[in-house]
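Now for the letters of each chain:
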Amino acid sequence: MTNQELVAPMTTLRDGRTVTIRPLEESDRAALLDFGMALPEDDWLYLELDFHDPNTITRLVNAYAAMNWRQVVAVADGAIVGYSNVRRLPGWKSHAGDSHLVIGEGWRRQGLGTALAETILAAARDLGLEKVIAEMVEEQTAGRAIFERLGFQIEGTLAGQVHDHGDGCHNLLILGYRLRP
Ligand SMILES: CC(C)(COP(=O)(O)OP(=O)(O)OC[C@H]1O[C@@H](n2cnc3c(N)ncnc32)[C@H](O)[C@@H]1OP(=O)(O)O)[C@@H](O)C(=O)NCCC(=O)NCCS
């Protein structure tokens, strides 16, 4: 499967709205920045990827075709409303990948997070990974709920591991999903 093959046909959400799920493209920089800037304050505080930072957006978009990354967006009327990625980790962790998932505030609880999380698992299989992890601060209860529902399990907690983009310090949860033994 190539990055291009992660394209899904139009997906209908619980409330009847439709989105297109497709790989991130080189031309998505402005749309991804708009998406990031519109995320709620809590996401900005707690997400590892700082979607408010144009340098982060440039780094993601520049990696649109990177061999060990898969990045997928959900698009509605030309706007990005959801983002997910999985990346093969380097060195002795190279059998594993880490993942990120974020849905625009007005698009949550409609099944879109689940649809994009499924692309993470498909992409991880495509990359030949044995395992995927998702890291999140303890306060991200929605993130924990969706990944646990998909079968991820908490594998560890690192106390005080995260300094958020404000001034807070948080425990980091590491959730893992094994694709093969
Ligand atoms: C976590 C997140 C991706 C969920 O996206 P979503 O589109 O709302 O997810 P879905 O609609 O597919 O929800 C799937 C299930 O997850 C659980 N869930 C999602 N949001 C929840 C919440 N706020 N509280 C409790 N459970 C929640 C529910 O079991 C839900 O199923 P249900 O709606 O049938 O009850 C979204 O809230 C988000 O982007 N949060 C900020 C970023 C983040 O925490 N990312 C995860 C760490 S990388």
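Starting from 1, residues in each chain are numbered consecutively following that chain's sequence as written. Local features in this predicted model are restricted to residues of pLDDT 70 or higher, and side-chain atom pairs are both shown and tallied only at a pLDDT of 80 or more, whereas totals for entire chains, interfaces and linings draw on every residue.

A. Here's a closer look at the packing of helix H1 (residues 29-37) against helix H3 (residues 54-62). Two elements in contact, H1 and H3, have axes separated by 10 Å at closest approach and are oriented at 135°. Considering the angle they form, H1 stands oblique to H3. Here H1 runs over H3; the crossing is right-handed. Where H1 approaches H3, its residues Arg-29, Leu-32, Leu-33 and Gly-36 are matched on the opposing element by Pro-54, Ile-57, Thr-58, Leu-60 and Val-61. Any residue that is not Ala, Val, Leu, Ile, Met, Phe, Trp, Tyr, Cys, Pro, Asp, Glu, Lys or Arg is counted as polar, Gly included; the first ten are nonpolar and the last four charged. For the contact of H1 with H3, a count of residues per class yields six nonpolar, two polar and one charged. All axes are obtained by fitting lines to C-alpha atoms, using only the stretch in contact for helices, and the reported angles, taken between N-to-C directions, cover 0 to 180 degrees. Only DSSP runs of H or I covering at least 4 residues are called helices, and only runs of E covering at least 2 are called strands; the numbering of each starts at the N terminus. Angles are sorted into four bins: roughly parallel if under 35 degrees, roughly antiparallel if over 145, roughly perpendicular if 65 to 115, and oblique for all others. Crossing handedness is read from the near helix: turned anticlockwise from the far helix by less than a right angle, it gives a left-handed crossing, and turned clockwise, a right-handed one. In this description, any two residues whose backbone-derived C-beta atoms lie within 7 Å of each other are considered to be in contact.

B. Spatial organisation of the site of the ligand. We call a residue near a molecule or strand when the C-beta position, derived from backbone atoms, sits within 6 Å of it. Surrounding the ligand, one finds 22 residues, the nearest of these being Arg-108, Gly-113, Thr-114, Ala-142 and Gly-143. Looking at the shell around the ligand, the elements with two or more residues in it are strand E5 (96-103), helix H4 (112-126), strand E6 (131-137) and helix H5 (141-149). Considering each element in turn, the shell around the ligand owes the most residues, six residues, to H5. Residues that form the shell around the ligand fall into these classes: ten nonpolar, eight polar and four charged.

C. Spatial organisation of the sheet that holds E5. Only when DSSP finds a minimum of two bridges between them are two strands counted as paired. Spatial strand order, E1-E2-E3-E4-E5-E6-E8-E7: eight strands in an open sheet with mixed pairing. The sheet is open, and its two edges are formed by strand E1 (11-12) and strand E7 (153-163), each paired on a single side. In this sheet, strand E4 (residues 79-88) lies alongside strand E3 (residues 69-76) in antiparallel orientation, the contact comprising eight bridges. Along E4, the bridge assignment pairs Ala-74 with Gly-82. Its contacts with the sheet place H4 against E1, strand E2 (18-23), E3, E4, E5 and E6, and it is angled at close to 30° to E4.

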